[in-house]
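# Residue-level structural notes
Residue-level listing of the chains:
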Amino acid sequence: MNSAKIVGPGEPLTAVSTETPRPSGEQVLVKVDAVGVCHSDLHLWEGGYDLGDGKFMKVTDRGVKYPVTPGHEIAGTVEEAGGEASGFSKGDRVLVYPWIGCTECPACAAGNENLCDTPRSMGIFQDGGYADYVMIPSYRYLAMLDGVGADTATSLACSGLTAYTAIKKANANSPEYMVIIGAGGLGLMGIQVAKAITKAKVICVDLDDEKLRTASEMGADHTVNSKEPGADKAIMSICNQKGADSVVDFVNAPPTARLGLDILRKRGNMVMVGLFGGSIEMSLVTIPLKSIVIQGAYTGNYTDMTELIKLARDGVINPIISKKYTLAEANDALTALKERKIIGRAVINP
Ligand code: NAD
């Protein structure tokens, strides 16, 4: 099998050829048809996350071991199933649930392996889908993909799934106005999900006019370019000077977090999703006085992923795939994403 591996932070991905493994027990060998190129692959490639104040969290301190094959948005075809893998056989088209946990901690026991204390996520802590084949540890992490194309399906395993979880959290206070910050892979899915499952009027914020045009096409009721002075005032004016009931920050960097908190109304609900990183200072009294909720959202569980496949199958959400790369072009795909040249999602078809 052929894969493109990250061998160290910032180094070009390296093409590696190894013998294709045979599955045993619950394992399933999947032939990769498409793998999404997610901004989290970039963080893995860069070696970690900006914690602000000059601090950096290395992915190796979180348990990542290089070399590793990135790619957690994997859609493919079952090539061979191990003897104890039930429900799947050669030729089945599947989406991989990549947020694999220990199966034993309280989060895993509650069905939320994405929030596991000791995660084993694919494409991060174990080899993922920038490869022509990938070994899935158990058939339990596969979902059948009838009626959804492989390229489209990739984003349902991460960007769509994360957006779905985040929007559900943001919808807890039945918002009239929901601000979505970031119109990238996650944010554009967030807009579609928000229009599908909430009654909120959606205001999308980005610093790129082309991304904002796409946001309008996806259903955003209003768009605001945060590069322009007075973005906060523009949002307040749309929200009748009261502020937004909910904010979902798919960037989560100092300028976006500050903007989000500034325009959040009393009793508001702020959901932080992006991993761009950094830190901000907060005036502590405003949190109790405004009685706001600030919470994080991290990917989603297997059940959420199957619900999302149904929404895609019914045509309620339509992930945008704007660019396709071969496995040999994996470095180009990551570089284009870093340079903000990708609208929606790019996929690699190995
Ligand atoms: P992307 O690169 O596709 O999109 C990022 C968008 O943010 C772009 O449209 C860009 O123009 C915009 N942007 C950047 N800086 C901005 C700023 N200061 N103000 C306004 N807009 C700005 O990235 P993506 O794949 O959508 O991922 C977004 C973030 O979410 C990444 O950090 C990624 O690692 C993270 N992520 C988090 C989870 C989770 O579960 N919490 C899951 C997947 C990805």
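Residues numbered from 1 in each chain as written. Predicted model: local features only at pLDDT ≥ 70, side-chain atom pairs only at ≥ 80, totals over all residues. Heavy atoms only, no water.

### Digging into unusual backbone geometry
In this chain, Y66 is followed by P67 through a cis amide linkage whose omega measures -5 degrees. Not every positive phi belongs to a glycine, and N252 is a case in point at roughly 65 degrees. Here N252 lies in the loop between β13 (244-249) and α8 (254-262). With relative accessibility at 17%, the residue N252 sits in the buried group. Phi at R340 is positive, roughly 60 degrees, even though this residue is not glycine. Note that R340 resides in the loop between α11 (330-338) and β17 (345-348). (Helix = DSSP H or I, 4+ residues; strand = E, 2+ residues; numbered from the N terminus. Buried < 20%, exposed > 50% of the residue type's maximum accessible area, 1.4 Å probe, protein only.)

### A look at a nonpolar patch on the surface
The grouping of M282, L284 and I294 at the surface amounts to a nonpolar patch, some 270 Å² of accessible area in total. Within the element layout of this structure, L284 appears in the loop between β14 (264-272) and α9 (286-290). (Patch = residues over 30% accessible without salt bridge, like charges linked within 9 Å, V, L, I, M, F, W, Y side chains within 5 Å. Areas by Shrake-Rupley, 256 points an atom, 1.4 Å probe, with all protein chains shown as cover. Salt bridge = Lys/Arg side-chain N within 4 Å of Asp/Glu carboxyl O.)

### Here we look at the pairing of strand β8 (residues 133-136)
Side chains Y133 and M135 of β8 all project onto a buried face; the interleaved residues V134 and I136 project onto the opposite face, where all are buried too. With 4 bridges joining them, strand β3 (residues 28-37) and β8 adopt antiparallel strand pairing. Bridged to K31 within β8 is Y133. (Pairing = 2+ DSSP bridges.)

### Focus: helix α1 (residues 39-46)
Count 3.6 residues to each turn of an α-helix, and residues three or four apart come out pointing the same way. Those residues of α1 that fall on the buried side of the exposure criterion are D41, L42, H43, L44 and W45. Contact partners of the buried residues in α1: β3, β4 (48-52) and α11. Just past α1, the residue G47 takes up positive phi, approximately 100 degrees. (Contact = heavy atoms within 4.5 Å.)

### Some points on the nonpolar core
Nonpolar side chains in soluble globular proteins generally cluster together in the buried interior. Judged by nonpolar contacts, the single largest core of 88 residues is most densely connected at L95, Y130, L142, L156, I191, V248 and I348. Every residue in contact with I191, bar those within four places of it in the chain, is listed here: I180, V202, C204, A215, M218, G219 and A220. Ranked by size, the runner-up nonpolar core spans 21 residues in total, among them V224, A231, L261 and L264. (Core = buried A, V, L, I, M, F, W, Y, C linked by side-chain atoms within 4.5 Å.)

### A short note on the site of the ligand
Around the ligand sit 28 residues, and of these H39, S40, L186, D206 and T299 come closest. Here an oxygen atom of the ligand sits 2.7 Å away from a polar atom, N or O, in the side chain of D206. Here T299 contributes a backbone N or O atom positioned 2.7 Å from an oxygen atom of the ligand. Contact with the protein chains hides 95% of the accessible area of the ligand, taken as 870 Å² for the molecule alone. No other element matches the 3 residues that α1 contributes to the shell around the ligand. Its residues assigned to classes, the shell around the ligand comprises 13 nonpolar, 11 polar and 4 charged. (Near = heavy atom within 4 Å. Polar contact = N/O pair within 3.5 Å; in protein donor to acceptor, adjacent residues only side chain to side chain. Nonpolar A, V, L, I, M, F, W, Y, C, P; charged D, E, K, R; others polar.)

### Considerations on the sheet that holds β13
Read from one edge to the other, the open sheet built from 6 strands follows the order β12-β11-β10-β13-β14-β15, with strand pairing classed as parallel. Edge positions in the sheet fall to β12 (222-225) and β15 (293-296), since each of these pairs with one other strand and no more. Adjacent strand axes in the sheet meet at a mean angle of 20 degrees, parallel and antiparallel pairs treated alike. Contacting β10 (177-181) and β11 (201-206), helix α5 (residues 185-197) runs over the sheet at an angle of about 160 degrees to β10. Contacting β10, β11, β13, β14 and β15, α8 crosses the sheet at an angle of about 150 degrees to β14. (Axes fitted to C-alpha atoms, helices over the stretch in contact; angles between N-to-C directions.)

Nothing here speaks to function; it is all geometry.
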